[in-house]
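Each chain is listed here by its residues.
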Amino acid sequence: MLDEQGGWIRRLVAFAVPLCVVLVIGSSPAAGQGSPGSRMAIPPPRRGEEFPTPLPAADEIKPAGDPLMLYAGQVVQPIDLPSTLRLAGARDLDIAIARQRIAESVADLSAARALWLPSLFVGPTWTRLDGQVQTIQGPVITTSRSALFLGATAAGGTAISAAPPGSGYPPVNGLTSVLRFSDAIFEPLAARKVLSARRAGYEATTNDALLTVAIAYLELQFAAGRLVVAREAAGHATRLAEITSAYERTGAGLEADYKRSLTEKDHQDQLAAAAAGDLKVASAEIIRLLNLDPRLVVAPTEPPEMLFRLVSDRCLLDDLIVEALHHRPELAQAQAIVGATLARLKQARLRPLIPSLAWSYAGGGFGGGQNAFFGNFSSRGDAAVSLNWELQNLGFTDVALMRKAEAQNRVAAIELIKTENQVAADVVSAFETRSAASLRLDRAARARTEAIRSLELNFLNIERGAALPGAPRPIEVLQPVQALAQVRTDYLAAAIAYNRAQFQLYRALGHPPLAPQPAGPPTLPRGDAVGAIPARGEAPPR
């Protein structure tokens, strides 16, 4: 079973790995502008330590050790995007269903190609007649007789007719099977088109399944990033509570400020607990899509702010639409269905004009006698051939079949136009979403830099200016703590929206799989991404 699946798994890996590994992965150029300090693990640094800038990776959410701990006794397994996509290709149920539909269409094509071959019927036939029967000369006589036929019959077609009343010979040697030349000619043509449609549908199903899993993984990243932000904010609130407590004990601060900081600390702790629950919910969706043990809880290993640049930002919208119209498997599927309905339309139109062949030959031993006596066995052969043209129900049924086939062909043509419109709409929607997310990234990056600097200065002011005239109250740091958590969440949401739009745009273009790149730092072509869509005038990757 594993050997049989090896081929398509390797082809899927060829798509999944470059989709998520051989990319330009990083942060927006504006993300690090003016960001002081270095990366940090949760909880936040205490007095005298450097202030953090980027969000930690998911593996930094946990305390020291592995695996990640969300709650006491709750173990979280790490997972990355390449592994997720490979598992999706191997275990996704929709892909498995599409694969079986291809096998079904292959069987239909084999059956259509075999319409020219005769059918063989082998076995004995026994008949018994008691009562009146008409002789060949005309008189009706009363008789009791039985007969046995041992042999085989070959016939064009698969139908076996009943024995004529009183014929006196077994029904198996009186076949009237009909071979319709129109069916034998056009059924394989239609079956090949249906098979092509199923194969294109398999590609479309694979793309859709991988897109669904990729988006679910991005939601998992977003949940992990929110957990990092919430724990960072809870750490800042704890630090603020310690400072206000020291101020209150020395008489330099108000008890009300200390109580307010405690309230904020409790609130941030609740938000962190809620974020941990959201991570488990996002993990459950990934587990469902991958058809894994529902008791597992997974968390992403990539940093929450990681950016995936699958399609160059410099590509023009018109070029992307043309690219999609050439590569989307949904269009190939719709075109194949149009071809299948056209073949069936020709079949219906030529059905009354092309003759049908009815032929059979039965050979074997035949014997019998009066009552239950069996005897006088000897060889016997029966052959019959006829060529005929048929007007089914005086031609009315033939006309109805033509009209039905015409309607099906028109429906398929309309569906093709509808699919073309949908492909263009998918590209435009993903393109505009990516553009809007890119603007959000730039603005959120600037706001994040200012919020980081503001919180850093506020902590420095209350720590260095304690007991000095005009020193700020520690509770004034509360708003910068909340502001930093908000802008971090905004930047994280913009990054996830950008990545989601990149995956949607990549799927909307319907590109063939990219070749895997060697391990090590990728070499960038012209553009911002390995495997990026070429700019105008460049040849598409093959």
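For the structure itself, consult the block above.
For every chain, the first residue of its written sequence is number 1, and the numbers climb from 1 along that sequence. Selection of residues for local features in this predicted model requires a pLDDT of at least 70, selection of side-chain atom pairs for listing and counting requires 80 or more, and totals for whole chains, interfaces and linings are taken over all residues. Only hydrogens and water are set aside; all other atoms, that is, all heavy atoms of the structure, feed into the side-chain values.

**Observations concerning the pattern of salt bridges**
Worth spelling out the cut-off: By convention in these notes, a salt bridge is any Lys or Arg side-chain nitrogen within 4 Å of a carboxyl oxygen on Asp or Glu.
For the structure on display, the rule yields 23 salt bridges. Salt-bridge contacts for Asp 313 lead to Arg 309; the nearest nitrogen and oxygen are separated by 3.4 Å. Residues joined by salt bridges that share partners form a network here, namely Asp 208, Arg 328, Glu 330, Asp 426 and Arg 507.

**Details of the environment of Arg 199**
Our working definition: Under the scheme used here, helices are H or I runs from DSSP no shorter than 4 residues and strands are E runs no shorter than 2 residues, and both carry numbers assigned from the N terminus. Buried, partly exposed and exposed residues are distinguished by accessible area as a fraction of the type maximum, computed with a 1.4 Å probe on protein chains only: under 20%, between the cut-offs, and over 50%, respectively.
Tracing the backbone through its elements, the reader meets Arg 199 in helix 4 (residues 181–250). Given a relative accessible area of 45%, Arg 199 falls into the partly exposed group. In this structure the C-alpha to C-alpha distance between Arg 199 and Ser 105, which are 94 residues apart in sequence, comes to 9.3 Å.

**Regarding helix 6 (residues 317–327)**
As a reminder, the rule being used: The arc refers to the directions leading from the helix axis to the C-beta atoms.
Listed as buried for helix 6 are Leu 320, Ile 321, Glu 323, Ala 324 and His 327. Buried residues in helix 6, looked at end-on, bunch into an arc of 160°, giving them a common side. Opposite the buried face of helix 6, at more than 90 degrees from it, the exposed residues are Asp 318 and His 326.

**Here's the deal with a nonpolar patch on the surface**
Basically, it comes down to this: Patches here are clusters of residues that have more than 30% relative accessible area and form no salt bridge, with a 9 Å joining cutoff for like charges and a 5 Å cutoff for nonpolar side chains (Val, Leu, Ile, Met, Phe, Trp, Tyr). In short, Shrake-Rupley with a 1.4 Å probe defines the accessible areas, and a residue's cover is counted only from the protein chains shown.
The grouping of Trp 116, Ile 185 and Leu 189 at the surface amounts to a nonpolar patch, some 270 Å² of accessible area in total. Structurally, Trp 116 is set in the loop between helix 3 (93–113) and strand 4 (119–134). The class for Trp 116 is partly exposed, based on a relative accessible area of 45%.

**So, the nonpolar core**
Quick note on the threshold: The criterion is simple. A nonpolar core is a set of buried Ala, Val, Leu, Ile, Met, Phe, Trp, Tyr and Cys residues joined through side-chain atoms within 4.5 Å.
Counting residues in each nonpolar core, the largest one holds 55 residues, and the members touching the most others are Leu 220, Leu 279, Ile 286, Val 311, Leu 320, Val 427 and Phe 503. In terms of residues, this core owes the most to one element, helix 4, which gives 14 residues. Counting 14 residues, the second-largest nonpolar core is a separate cluster that includes Leu 240, Ala 451, Ile 452 and Val 477.

**Quick notes on the side chain of Arg 434**
Just so we agree on the cut-off: Contacts are assigned to residue pairs that have any heavy atoms within 4.5 Å of one another.
Mapped onto the elements, Arg 434 comes out in helix 8 (residues 396–464). Its relative accessible area of 3% is what places Arg 434 among the buried residues. Beyond its immediate stretch of four places on either side in the chain, Arg 434 contacts Val 311, Ser 312, Asp 313, Tyr 498, Ala 501, Gln 502 and Leu 505.

The quantities given are spatial measurements derived from coordinates; they are silent on function.
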